[in-house]
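Given next are the chains, with one letter for each unit.
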Amino acid sequence: NAAALVFGWQAPPKSSFTFELRLDAVDGKKIGEASLKGGSTVSGTKAGANGGTMVSFAIDPVTDGKPHKLYVVSNVSDPKDPGAVVIQSIQLLSK
C-alpha cells in the first residue's frame with residue numbers, strides 16, 4: 001500500500017517539510033510519513049513560474065473494515081521560513 005502527495009508552490013520552499021498520514025485524529029495512529037526536502041524544484045520550470053513535485057511513500061494497511069478519517073499533519077524544519085507549500089492532491093494506492 002502506498003500514497004502519493006502532489007505539492008505546489010509559488011516559490012520553492014527553503015525549509016524541509018514532513019507530512020504524516022494519521023487515522024481519526026491529529027494524534028491518531030500514524031500510517032505513513034513523507035518528506036519534502038527544502039529547495040525542491042521541478043526541472044524545466046522557468047524563474048517566477050509556479051512549481052511543484054510529487055512524493056510517493058509506503059503506508060501501513062488498514063484492515064479493520066471500518067471507515068476512518070484521514071488527517072495530514074505537516075511539520076516544517078524552520079517555522080520562521082515564510083515559504084508555503086500546498087497539497088494539491090492525495091492519491092491512495094492499494095496492491
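Scroll up a little and you will see the structure.
The text that follows walks through the structure, step by step, so that each part is easy to find.

About the thresholds
Residues numbered from 1 in each chain as written. Predicted model: local features only at pLDDT ≥ 70, side-chain atom pairs only at ≥ 80, totals over all residues. Heavy atoms only, no water. Salt bridge = Lys/Arg side-chain N within 4 Å of Asp/Glu carboxyl O. Buried < 20%, exposed > 50% of the residue type's maximum accessible area, 1.4 Å probe, protein only. Pairing = 2+ DSSP bridges. Helix = DSSP H or I, 4+ residues; strand = E, 2+ residues; numbered from the N terminus. Axes fitted to C-alpha atoms, helices over the stretch in contact; angles between N-to-C directions.

### Comments concerning the pattern of salt bridges
Close approach of charged atoms lets side chains of opposite charge pair. Applying the stated criterion across every chain yields a total of two salt bridges. The salt bridge partner of Arg22 is Glu20, with a shortest N-O separation of 2.8 Å. For Lys30, the salt bridge identified is with Glu33, shortest N-O distance 2.8 Å. Overall, Lys30 belongs to the partly exposed group, its relative accessible area being 36%.

### Overview of the sheet that holds strand S5 (residues 70-76)
Strand order across the open sheet formed by three strands is S3-S2-S5, with antiparallel pairing between neighbours. Of all strands in the sheet, those bounded by a partner on one side alone are strand S3 (30-36) and S5. Strand-to-strand, the axes of this sheet are offset by a mean angle of 20 degrees, without reference to chain direction. When strand S2 (residues 17-23) meets S5, the two strands line up antiparallel, connected through seven bridges. Each bridged residue has a counterpart across the sheet, and for Leu23 the counterpart in S5 is Leu70.

Shape is all these values report; function is a separate question.
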